[in-house]
Amino acid sequence: IKAALPVPNQPSEVTELANSFNDLLAAINEHAVQEREFISNAAHELRTPIAAIRGHVRLIERRGTEHPEIIPKSVQFIDEESTRMQKLVNSLLTLSRADRGTLTLAYFDLAEAINETVEEERAVLQQPIQVVGEDAAIVFGNAESVQQILTALIDNAGKYSPEDHPITVALGTTDRTAEIRVQDLGLGVADADKTHIFERFYRVDSARTRQIGGTGLGLAIVAQLVKLNHATIKVVDNQPQGSQFVLTFRDKTANGKSS
Ligand code: ADP
């Protein structure tokens, strides 16, 4: 939809109505543009590994009999690229579920969610992970999705920081809020990228993150899950270096009781 309503010069209810209508129209158009961009990005991201896989299949077909020594390398390549595709498709499905979905919300302890997630991540990551701060904070949200959010943030902290630099997960509270900070001592996020990294397919350095194995959808999924939890998320600089993802819940309960 492109055409906007002409707005009368004299301020009146009609002017206001025309303005609201035009704002709505602009929002719908913007949404449509984003949707098209998203589909085109997704297709592009899938096309790259598919082309690579087909290339190696052809190579094996043409030269495999005469030069069987090329086969293991091609098979490994096909394996890696298909794993990439699988990750991407899984992320797309998770995102589309999160887009459509609502979550069942209940009171739960953020400290427990942190401990469970960190225990799993310790088995996966090279970096030591330390947990600091409060040892309980009851909030209203969805525990499982908060664990999913933390897993994504800790995975990223691991991906974008050296292997011997510790990752810290800090739980802080005020009267009404509870806050989890996932801190790393890695590359950090430049100011110009801070608002964009939660966008779908946004990558600060696509060649590099492709190598690291990122899809550019991790933080977009995080943003959507955060929204469904009625929480907020932002990235700030960590001291002395690296980044800090701050997840804030605004309706913490007093002493674990509903307020
Ligand atoms: P990806 O799958 O590429 O990691 P994400 O959506 O998870 O995608 O992250 C988007 C981009 O944000 C990444 O490509 C990376 O450049 C940046 N980023 C995310 N987490 C961190 C971090 N902890 N430190 C530095 N950069 C980060």
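Residue numbers here run from 1 along each chain, matching the order of that chain's written sequence. Note on the predicted model: pLDDT of at least 70 is required for a residue's local features to be given, and 80 or more for side-chain atom pairs to be given and counted; whole-chain, interface and lining totals, by contrast, use all residues. The basis for the side-chain values is all heavy atoms of the structure; hydrogens and waters are excluded.

Put simply, the rule is: UniProt positions are given in the numbering used here, feature names are shortened, and annotations may be inferred rather than shown by experiment.
The name given to the chain in an unreviewed UniProt entry is histidine kinase, and the organism recorded there is Levilactobacillus fujinensis. The record held by UniProt for the chain lists under Catalytic activity (unreviewed entry) the comment "ATP + protein L-histidine = ADP + protein N-phospho-L-histidine." As its UniProt record puts it under Subcellular location (unreviewed entry), the chain is described as follows: "Membrane".

**Considerations on a negative patch on the surface**
Which entries qualify depends on this criterion: Residues form patches when they are more than 30% accessible in relative terms and have no salt bridge. Like charges link within 9 Å. Nonpolar side chains (Val, Leu, Ile, Met, Phe, Trp, Tyr) link within 5 Å. Here the accessible surface of atoms and residues is derived via Shrake-Rupley with a 1.4 Å probe, and residues count as covered only by protein chains that are part of the display. Here, a salt bridge means any Lys or Arg side-chain nitrogen found within 4 Å of an Asp or Glu carboxyl oxygen. Counting rule for charge: Lys and Arg are taken as positive, Asp and Glu as negative, and neither His nor the chain ends is counted. A single reference atom marks each charge: NZ on Lys, CZ on Arg, CG on Asp, CD on Glu. Secondary structure elements are defined from DSSP: runs of H or I of at least 4 residues count as helices, runs of E of at least 2 residues count as strands, and each element is numbered from the N terminus. Buried, partly exposed and exposed residues are distinguished by accessible area as a fraction of the type maximum, computed with a 1.4 Å probe on protein chains only: under 20%, between the cut-offs, and over 50%, respectively.
Taken together, the side chains of Glu112, Glu116, Glu119 and Glu120 present a region of like negative charge at the surface. Tracing the chain through its elements places Glu116 in helix H3 (residues 110-124). Residue Glu116 is classed as partly exposed on the basis of its relative accessible area of 42%.

**Here's the deal with the site of the ligand**
Selection criterion: Residues are classed as near a molecule or strand on a simple rule: at least one heavy atom within 4 Å of it. Two N or O atoms form a polar contact when they lie within 3.5 Å of each other; inside protein one atom must be a possible hydrogen donor and the other a possible acceptor, and for residues adjacent in sequence the pair counts only when both atoms belong to side chains. Buried and open spaces are told apart on a 1 Å grid over the protein atoms alone, a cavity being a set of points where a 1.4 Å probe fits but cannot get out and a pocket being an open set with protein on both sides within 12 Å along at least five of seven lines. Residues with an atom within 4 Å of a point are the lining residues. Grid points define the cavity or pocket, and a molecule sits in it when more than half of its atoms lie within 2 Å of them. Each residue gets one label: Ala, Val, Leu, Ile, Met, Phe, Trp, Tyr, Cys and Pro are nonpolar, Asp, Glu, Lys and Arg are charged, and the others, such as Gly, are polar.
Looking at the ligand, there are 20 residues lining it, with Asn156, Tyr160, Asp184, Thr215 and Leu219 nearest. The separation between an oxygen atom of the ligand and a polar main-chain atom of Gly216 is 3.0 Å. At 2.8 Å, a backbone N or O of Leu219 approaches an oxygen atom of the ligand. Burial of the ligand by the protein amounts to 97% of the accessible area it has alone, namely 530 Å². At a threshold of 2 Å from the grid points, most atoms of the ligand map onto the largest pocket. At the level of elements, helix H4 (143-159), helix H7 (218-228) and strand E7 (243-249) are the ones that each hand at least two residues to the shell around the ligand. In terms of residue count, H4 provides more of the shell around the ligand than any other element does, three residues in total. Class assignment for the residues of the shell around the ligand results in nine nonpolar, eight polar and three charged.

**What about the layout of surface pockets?**
The criterion, for reference: Grid points are joined across faces, edges and corners, and a volume is the space filled by probe spheres set on the points.
Taken as a whole, the largest pocket holds about 1100 Å³ of empty space. Lining the largest pocket are 45 residues, and of these Ala152, Asn156, Lys159, Tyr160 and Gly218 lie nearest its centre. When contributions to the lining of the largest pocket are tallied by element, the ones reaching two or more residues are helix H2 (71-100), H4, helix H6 (206-212), H7 and E7. Ranked by the residues each element gives to the lining of the largest pocket, the list is headed by H4, at nine residues. Considering only residue class, the lining of the largest pocket consists of 18 nonpolar, 18 polar and nine charged. Approximately 530 Å³ is the volume found for the second largest pocket. Sorting the residues of the lining of the second largest pocket by element identifies helix H1 (13-63) and H2 as the ones contributing at least two each. If one sorts the elements of the lining of the second largest pocket by residue count, H1 sits on top with 10 residues.

**Examining the nonpolar core**
Stated formally: Nine residue types can take part in a nonpolar core, namely buried Ala, Val, Leu, Ile, Met, Phe, Trp, Tyr and Cys, and a core is a set of them joined through side-chain atoms within 4.5 Å. Only heavy atoms enter the contact rule, under which two residues are in contact if any of them lie within 4.5 Å.
Counting 44 residues, the largest nonpolar core has Leu110, Leu153, Ile180 and Val182 as its most contacted members. Every element with two or more residues in this core is listed here: H2, H3, H4, strand E4 (167-173), strand E5 (178-183), H7, strand E6 (232-237) and E7. In contact with Leu110, not counting residues within four places along its chain, are Ala137, Val139, Val146, Leu171, Ala178, Ile180 and Phe249.

**Some points on the environment of Val246**
Tracing the backbone through its elements, the reader meets Val246 in strand E7. Residues Val246 and Tyr202, 44 residues apart in the sequence, show an inter-C-alpha distance of 19 Å. Setting aside its immediate chain neighbours within four residues, Val246 contacts Glu179, Ile180, Arg181, Thr232, Ile233, Lys234 and Val236.

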